[in-house]
Amino acid sequence: MSSQLIEFANEKFYAYPNCALYWKRLNIIIVADLHLGKSISFAKQKQFLPPYDTMETLEKLFKCINKFEPSKLIIVGDLLHDIFSIQSFQKRDHENFNKYSKKTEFIWVKGNHDSDVHIRGFNKVLDYEIDEIIFNHIPIETSNFQICGHYHPKRKISHRGKSIYKSSFVHNDNLLILPSFGTLTGGMSIDKEPLKQLLGKNTKVFPVGNERVYKL
């Protein structure tokens, strides 16, 4: 996978097309909005989707951990889609969590979709801080740098008369918002409210392609 340098908070991060952010200096992987078990939630509402989202998302996550062998994995919210999401886990998923968490510290920042469920091997917190960077799910008013999720940002790309939306890493001077890592998640245009006002005019956008992350 090809990476894209993102300079933020006086640090160098690397964005990958799997929607993970890598903090090389500290060997930390940061992801957002996995929404595991979303298909189960939809099925309970009589909206039937292929029930493979948890398997596909976790396969991508474990592949990422194998590649980097990070000291920490920080999930900035919405690991689960709702209280029933845990039912989508297979025995091997729990075994993998147990195996990987022995070498990698799993930091799970609670998101608005995350219930009171606890998963063995995860350190579940309301927010997390390293140096001058706060990791939380929804941005708060603060002078500190923040890395968040929640909004699933996407950017409209026009090319040869056609337009598509691409999941994107976006940041201004103080706030970096990650695209959703989950395979069954939608997105919010950064040109619409509330993202438009939240990010302001000084916004840098990094759309995610199949093989690389671009810089606009």
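These numbers come from a predicted model, not from an experiment. (Residues numbered from 1 in each chain as written. Predicted model: local features only at pLDDT ≥ 70, side-chain atom pairs only at ≥ 80, totals over all residues. Heavy atoms only, no water.)

S.K.: Can you explain the packing of aromatic side chains? Please cite residues and give values.
M.R.: Under the criterion given, the structure shown has 13 aromatic pairs. Each ring, one from Phe-89 and one from Phe-97, has its centre 5.7 Å from the other, and the planes form 55°; the classification is tilted. Its relative accessible area of 8% is what places Phe-89 among the buried residues. We classify Phe-97 as buried; its relative accessible area is 1%. An aromatic cluster of at least three residues, connected via ring pairs, comprises Phe-62, Phe-89, Phe-97, Tyr-100, Phe-106, Trp-108 and Phe-122. The ring of Phe-181 carries Lys-60 above its face, with NZ or CZ at 4.1 Å from the centroid. Here the guanidinium or amino end of Lys-67 rests over the ring plane of Phe-68, the centre of that ring lying 5.4 Å away. (Phe/Tyr/Trp six-rings, centres within 6.5 Å; stacked < 30°, edge-to-face > 60°. Buried < 20%, exposed > 50% of the residue type's maximum accessible area, 1.4 Å probe, protein only. Lys NZ or Arg CZ within 6 Å of the ring centre and 35° of its normal.)

S.K.: Quick one: what's the story with unusual backbone geometry, residue by residue and with numbers?
M.R.: In this structure, the amide linkage connecting Glu-193 to the following residue, Pro-194, adopts the cis form with an omega of 5°. With respect to the helices and strands, the residue Pro-194 is situated in the loop between strand E14 (188–189) and helix H4 (195–199). In this structure, Asp-78 is a non-glycine residue whose phi angle is positive, near 55°. Turning to its location among the elements, Asp-78 is positioned in the loop between strand E5 (72–75) and helix H3 (91–100). A relative accessible area of 1% places Asp-78 in the buried class. (Helix = DSSP H or I, 4+ residues; strand = E, 2+ residues; numbered from the N terminus.)

S.K.: Which residues make up the environment of Gly-182, and what are the values?
M.R.: If you trace the backbone, Gly-182 turns up in the loop between strand E13 (175–177) and E14. A C-alpha to C-alpha distance of 20 Å links Gly-182 and Glu-105, two positions 77 residues apart in sequence. Leave out the neighbours within four places in its chain, and Gly-182 touches Ala-32, Asp-33, Leu-34 and Thr-57. (Contact = heavy atoms within 4.5 Å.)

S.K.: Describe the pairing of strand E6 (residues 105–109), listing the residues and the values that go with them.
M.R.: When you tally the buried positions in E6, you get 4 out of 5 residues, the bulk of the element. Looking at chain direction, E5 and E6 are connected through 4 bridges and run parallel. Looking at E6, one finds that Ile-75 is bridged to Trp-108. With 4 bridges joining them, E6 and strand E7 (residues 122–125) adopt parallel strand pairing. Bridging from a neighbouring strand, Phe-106 pairs with Phe-122 of E7. (Pairing = 2+ DSSP bridges.)

S.K.: Got a sec to walk through the sheet that holds strand E4 (residues 28–31)? Specific residues and values, please.
M.R.: Spatial strand order, E1-E2-E3-E4-E5-E6-E7: 7 strands in an open sheet with mixed pairing. Of all the strands in the sheet, the pair left with one neighbour each is strand E1 (4–8) and E7. The average angle at which neighbouring strand axes cross in this sheet is 25°, direction not considered. Bridge count between E1 and strand E2 (residues 11–15): 5 bridges; the pairing is antiparallel. Along E2, the bridge assignment pairs Phe-8 with Glu-11. Of the strands in this sheet, strand E3 (21–23), E4, E5 and E6 are in contact with helix H2 (residues 53–68), which crosses E4 at around 160°. (Axes fitted to C-alpha atoms, helices over the stretch in contact; angles between N-to-C directions.)

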